[in-house]
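Survey of secondary and tertiary structure
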Amino acid sequence: MDFSSRITRLPRTHDPDQGAEARALFPDMAEDLADLIEGAAGSSPYLKSLVEKEKEWLPGAFDDPEAGLDAVFSDLREIGADALPAALRQGKRRVALMAGLADLAGVWPLEEVTGRLTDYADLATDLAMKACVGAEIKRGKLPGATEDDIATAGGMVALAMGKMGAGELNYSSDIDLICLFDETRFDPDDYHEARSSFVRATRKMAAMLNDRTADGYVFRTDLRLRPDPSVTPVCMAMAAAETYYESLGRTWERAAYIKARPCAGDIEAGWAFLETLRPFVWRKHLDFAAIEDAHNMRLRIREHKGLGGPLTLPGHNMKLGRGGIREIEFFTQTRQIIAGGRDADLRVRGTVEGLESLARKGWIPESAAEVLTRHYRFHREVEHRLQMLRDAQTHDLPNSEEEFDRLADFMGRDKAELKAEILERLTEVHELIEGFFAPENGEAEAEADAEVEFDEEVLNRWPSYPALRSQRAVEIFKRLRPDILSRLAQTAHPHEALLAFDGFLAGLPAGVQVFSLFEANPQLVDLLLDIAGTSPKLAAHLSRNAGVLDAVIAGDFFADWPGRAALQAELSERMTGEEDYERRLDAARRWMKEWHFRVGVHHLRGLVDADTAGQQYADLAGAVIGAVWPVVQAQFTEKHGAPPGRGAVVLGMGSLGAERLNAGSDLDLIVIYDAAGVEGSEGRRPLAARPYYARLTQAMITALTAPMSEGRLYEVDMRLRPSGNQGPVATGWGAFREYQQNEAWVWEHLALTRARVIAGASDLARDVEEFRAQLLGSSGTQAKVLSEVAKMRERIAGAKSPDGPWDTKLGAGRLQEVELLAQACSLISGDVARDVSSGLAAGVAIGVLDDGDREALLRAYGLCWTLVQASKLLRDKALDPEAIGEGGKAFVLREAGYDTIEALRAALEEETGKAGAVIDAALTRRPGEV
């Protein structure tokens, strides 16, 4: 059926003025096109604006829409680079206008409309990329490239992702692109120059498509689907991207690549890259773990967008809400991910295509595919009409009856019938997909404490979790479930406890061992609920490292703290029992997790306070370094020979040196060596002394930080070494002394007030400590040190603002400022003690502070430290009472000794305010003034 004969399907506007305005645009136009314009422009501001701008082009194009669009595409290919931005915007208007009219007239089905829009996005991206890369080539900025390489964009390709990759763009879609370049086309020496050129071209391409001008924009362009977008360039080498996906790629990225295809630039190179990713996207085994990931993503989207609660029409999001477009897409992609590794016929990009292939191959019922396909097309039609009505990227149904009237008119429907149909379709999609993601058990279960009605949505998703993947795990958990729910019902906040337990259960990679442990040791369930209800962060750690529960039932989990020496001896013995270097490091990781978990549990249950926990975390870190250092050194010695000279020591700086860590602390380290005149090592592969110790230090850092099968030990920061990142990673003993005596800044001497040898050669350790004491006794006058600290304070305040009222580290009178003043007092007085209390006492002794000042500073510091320790156990971010739940609030208040959050906040502001005033006065005080 031709274009014109379908216009009778188009609804007419009810506003005569709008209709007259539309007809006035085309006084000599044929009646059928005038009717079309009247209905479309009269109801849609989006189409009205397009019609007004293209009123001269439209009549001729309307005679033959296919030829009209072909002309748009062919004309663009002939446009010069300077005129391209404006031409692309004009082309977008024309394609969108023709697609919109054909859509409304019923001439083009959904796939044709979205396909035409996607074809234009492909062309626009390709032309923009080649224009921008071509400019780089013509300027001689792309090494070795000539104008012949413009046809393949010099080896650069854009991968279309999401709706663009699947050919499903709508009128207001963003385009998601991943930009890569083929690094094999360049000499290794030219790599960085080539990458810089491609990065510039990518940014200019995105601006050409994305920036709003007087002519509008082409497509909003999103480049953030690339690997780790916060730290990677906007255009990456293919080899770097491949390495990322092989080592760090996540399930959502696998799902995203189902729809990926090269759309611009070097298409052949793009297909070759996708082929290298095939094992990453399509696993050989049936990957049922993807169900949990997709289901969790659905719930996270609901939570993030505030889309939970009952399904109601006003304001309902047709894309992300219950029963919406994203639900159907998630369902389809999840099924493809599960079985696509085994069945290549499932590797298709479109949502409708995916449903068809899944049904055809028997992976889902045909009835489910038919229902979801029908609803998907309807949902997309509603989405398109909403965007036309509002001239905006929107997916929300109207909130008012008046706007629903407009939508119904625009769709040629009775409002009541339309609303009933939308609700019915959304409900059917939701129920069908919930049944797949969280199927009913089908058996009646006796749940204790019936007066507590737990969220069925949470309970119903449990069977989809990896921990319940095996039949044996399901059977054990079925026996445990009534008792778990009973215990949950008895907690102070049952619903919050349920969500916390759900978080633990969702994170378990396997269930048989843990569930069996719970069945044999019911007290562990109480411990788990206590942890989960207070600290979801610790519960998440437990779910990822459930082996630490073995330590709980070993008998000494709640015994007295053994101290660093005993811990180090135990870890050394544990590592000695392993066969090779890698297994020793993994053993250290398992051991550390058990003890780290123990400190957290003891703190959570009130068995230790914040200060004791800080000491225990420091003991643990010291034991790890003390036990791992000789293992690393022995491994290094096998290859390169024994350390030349007297060996090396590892200094702990900052909080580690002061023996005051929290649950999330990294480690500040310095390595000092003394070759004692020995030029190098003697071994199979001897090294000169300086590179020997530099590489030994790197080996130690790797041993601590490398993510192995058991995770990592700690993050390490080496920036406090002489000359910071510009200096060598290991510092010679003579160079260290020379630097500290003649070149170091005051802040570096302040840092030495907390330095402590953690591991290494004992005689060198003695010398380092003696030098430290001598240096602190002669490093500066009161006026000089306090003046420098005042400047540091100003720089810190200017560079970093406190993260709200609960930031206990930054701000006047808070942790960092009190520590700085204490270090200054230690430096002025020559006091070698490393703790804040001793430093402030030294300040009283030398007249920088009086006793009242010291007490005020200690009160503020103690309260801030208590809150830091508590918050780091609860979450990775700064303390936020609104984000930690009732259990978390109770823990924080118990630790701080206050009854309400309001009283705690008032006390924090009062105490730090007093401390800030004390510091203000101290930093301007003359010697002997107190």
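Everything here concerns the structure above.
How each quantity is defined
Residues numbered from 1 in each chain as written. Predicted model: local features only at pLDDT ≥ 70, side-chain atom pairs only at ≥ 80, totals over all residues. Heavy atoms only, no water. Helix = DSSP H or I, 4+ residues; strand = E, 2+ residues; numbered from the N terminus. Buried < 20%, exposed > 50% of the residue type's maximum accessible area, 1.4 Å probe, protein only. Contact = heavy atoms within 4.5 Å. Areas by Shrake-Rupley, 256 points an atom, 1.4 Å probe, with all protein chains shown as cover. 1 Å grid on protein atoms, 1.4 Å probe; cavity = no way out; pocket = protein on both sides within 12 Å on 5 of 7 lines; lining within 4 Å. Points joined across faces, edges and corners; volume = space filled by probe spheres on them. Nonpolar A, V, L, I, M, F, W, Y, C, P; charged D, E, K, R; others polar. Expected span 1.5 Å × (residues − 1). Core = buried A, V, L, I, M, F, W, Y, C linked by side-chain atoms within 4.5 Å. Polar contact = N/O pair within 3.5 Å; in protein donor to acceptor, adjacent residues only side chain to side chain. Axes fitted to C-alpha atoms, helices over the stretch in contact; angles between N-to-C directions. Parallel < 35°, antiparallel > 145°, perpendicular 65-115°, else oblique. Left-handed = near helix turned anticlockwise from the far one by under 90°. Patch = residues over 30% accessible without salt bridge, like charges linked within 9 Å, V, L, I, M, F, W, Y side chains within 5 Å. Salt bridge = Lys/Arg side-chain N within 4 Å of Asp/Glu carboxyl O. Lys, Arg positive; Asp, Glu negative; His and termini not counted. Charge placed at Lys NZ, Arg CZ, Asp CG, Glu CD. Phe/Tyr/Trp six-rings, centres within 6.5 Å; stacked < 30°, edge-to-face > 60°. Lys NZ or Arg CZ within 6 Å of the ring centre and 35° of its normal.

**Digging into the overall build of the protein**
- Counting its secondary structure elements, the protein contains 40 helices and 10 strands.
- Burial statistics for the protein: of 930 residues in total, 55% are counted as buried.
- Of the contacts made within the protein by residues no fewer than 6 positions apart, 74% connect residues no fewer than 24 positions apart.
- For the protein, the exposed surface amounts to about 39500 Å²; the carbon and sulfur share of it is 48%.

**With respect to empty space enclosed by the protein**
- What the rule picks out here adds up to nine cavities of 30 Å³ or more.
- Its boundaries defined by the atoms lining it, the largest cavity holds a volume of some 60 Å³.
- Residue lining of the largest cavity: Thr753, Arg754, Glu819, Ala822, Gln823, Ser826, Ala833, Arg834, Asp835, Val836 and Gly839, and that is the complete set.
- Looking at the lining of the largest cavity, the elements that each hand over two or more residues are helix H36 (815-829) and helix H37 (836-845).
- Considering every element that reaches the lining of the largest cavity, the biggest residue donor is H36, with four residues.
- A class-by-class count of the residues in the lining of the largest cavity yields three nonpolar, four polar and four charged.

**Comments concerning helix H9 (residues 191-210)**
- The terminal C-alpha atoms of H9, which comprises 20 residues, lie 28 Å apart, in line with the 28 Å expected from a rise of 1.5 Å per residue.
- Restricting attention to buried positions, one finds in H9 the residues Ala194, Ser197, Phe198, Val199, Ala201, Thr202, Met205, Ala206, Met208 and Leu209.
- Each element contacted by the buried residues of H9 is listed here: helix H6 (84-105), helix H7 (110-138), strand E1 (156-161), strand E2 (175-181), strand E3 (221-222) and strand E4 (235-237).

**Describing the environment of Ala676**
- Along the chain, the position of Ala676 falls in the loop between strand E7 (667-674) and helix H31 (689-705).
- For Ala676, the residues in contact, after removing those within four places along its chain, are Gly645 and Arg646.

**Topic: the side chain of Glu253**
- With respect to the element layout, Glu253 can be found in helix H11 (residues 251-256).
- In this view, Glu253 contacts Tyr244, Tyr245, Leu248 and Phe280; residues no more than four positions away in its chain are not counted.

**A look at helix H40 (residues 901-923)**
- The first and last C-alpha atoms of H40 sit 32 Å apart over 23 residues, in line with the 33 Å expected at 1.5 Å per residue.
- What H40 keeps buried is the set Ile901, Leu904, Ala907, Leu908, Glu911, Thr912, Ala915, Gly916, Val918, Ile919, Ala922 and Leu923.
- Against helix H35 (782-799), H36, helix H38 (851-874) and helix H39 (885-896) lie the buried residues of H40.

**Observations regarding the nonpolar core**
- Membership of the largest hydrophobic core comes to 142 residues, with the highest contact counts inside it found for Trp462, Phe501, Phe515 and Val628.
- Top element by residues in this core is helix H29 (residues 610-640). It accounts for 15 residues.
- The contact partners of Phe501, leaving out residues within four places of it in the chain, are Trp462, Phe477, Ile484, Leu488, Leu528, Leu529 and Ala532.
- Phe181, Ala201, Phe219 and Leu223 belong to the second-largest nonpolar core, a separate cluster that totals 83 residues.

**Digging into the side chain of Arg261**
- Locating Arg261 in the fold gives a position in strand E5 (residues 261-265).
- On the basis of relative accessibility, which here comes to 14%, the residue Arg261 falls in the buried class.
- Ignoring anything within four residues of it in the chain, the contact list for Arg261 reads Thr118, Asp122, Ala158, Leu159, Ala160, Met164, Gly165, Trp271, Leu274 and Arg349.

**Quick notes on the environment of Arg719**
- Position of Arg719 relative to the elements: it lies in the loop between strand E8 (716-717) and strand E9 (730-732).
- Counting along the chain gives 49 residues from Arg719 to Ile670, while the straight-line C-alpha distance between them is 8.3 Å.
- One polar contact links Arg719 to Asp717, side chain to side chain, over a distance of 2.5 Å.

**Points about the packing of H7 against H9**
- For the pair H7 and H9, the least separation of the axes is 8 Å and the interaxial angle reads 140 degrees. Viewed along their axes, H7 and H9 adopt a mutual orientation that is oblique. Seen along the crossing, H7 lies across H9 with a hand that is right-handed. Packed against H7, whose contacting residues are Ala124, Thr125, Ala128, Met129, Ala131, Cys132, Val133 and Glu136, the element H9 presents Ser197, Phe198, Arg200, Ala201, Lys204, Met205, Met208 and Leu209 at the interface.
- Classifying every residue of the contact of H7 with H9 by side-chain character gives 11 nonpolar, two polar and three charged.

**Overview of a positive patch on the surface**
- Together, Lys639, Arg684, Arg685 and Arg695 give the surface a local cluster of positive charge.
- Here Arg695 shows up in helix H31.

**Points about the packing of helix H22 (residues 494-507) against helix H25 (residues 536-544)**
- At a minimum axis distance of 7 Å, the contact between H22 and H25 shows a crossing angle of 25 degrees. The pairing of H22 with H25 is recorded here as roughly parallel in orientation. Of the two possible hands of crossing, H22 and H25 adopt the one that is right-handed. Contacts between H22 and H25 involve Gly503, Phe504 and Gly507 from the former and Ala539, Leu542, Ser543 and Arg544 from the latter.

**Examining the environment of Gly354**
- Within the fold, Gly354 resides in helix H16 (residues 351-360).
- Note: C-alpha distance between Gly354 and Gln336 (18 residues apart in sequence) is 7.4 Å.
- The residues touching Gly354, leaving out its near neighbours within four places in the chain, are Thr332, Gln336 and Val348.

**Brief notes about the packing of aromatic side chains**
- Applying the stated criterion across every chain yields a total of 19 aromatic pairs.
- Taken together, a centroid distance of 6.4 Å and an interplanar angle of 20 degrees make the contact between Trp733 and Phe736 stacked. Remark: Phe736 and Trp733 occur in helix H32 (residues 733-742); sequence separation between them is three residues, near one turn of the helix. Comparing Trp733 with Phe736 shows no difference in burial state: the two are buried.
- Aromatic pair Phe736 and Phe771: ring centres 6.1 Å apart, planes at 65 degrees, arrangement edge-to-face. Taken together, the residues span a long stretch of sequence, with Phe736 in helix H32 and Phe771 in helix H34 (residues 762-776) at a distance of 35 residues.
- Among the residues examined, Phe771 registers a relative accessible area of 6% and is labelled buried.
- Ring pairs connect the aromatic residues Phe181, Phe186, Tyr191 and Phe198, which therefore count as one cluster.
- A cation sits over an aromatic face here: Lys419 above Phe404, 5.1 Å from the ring centre.

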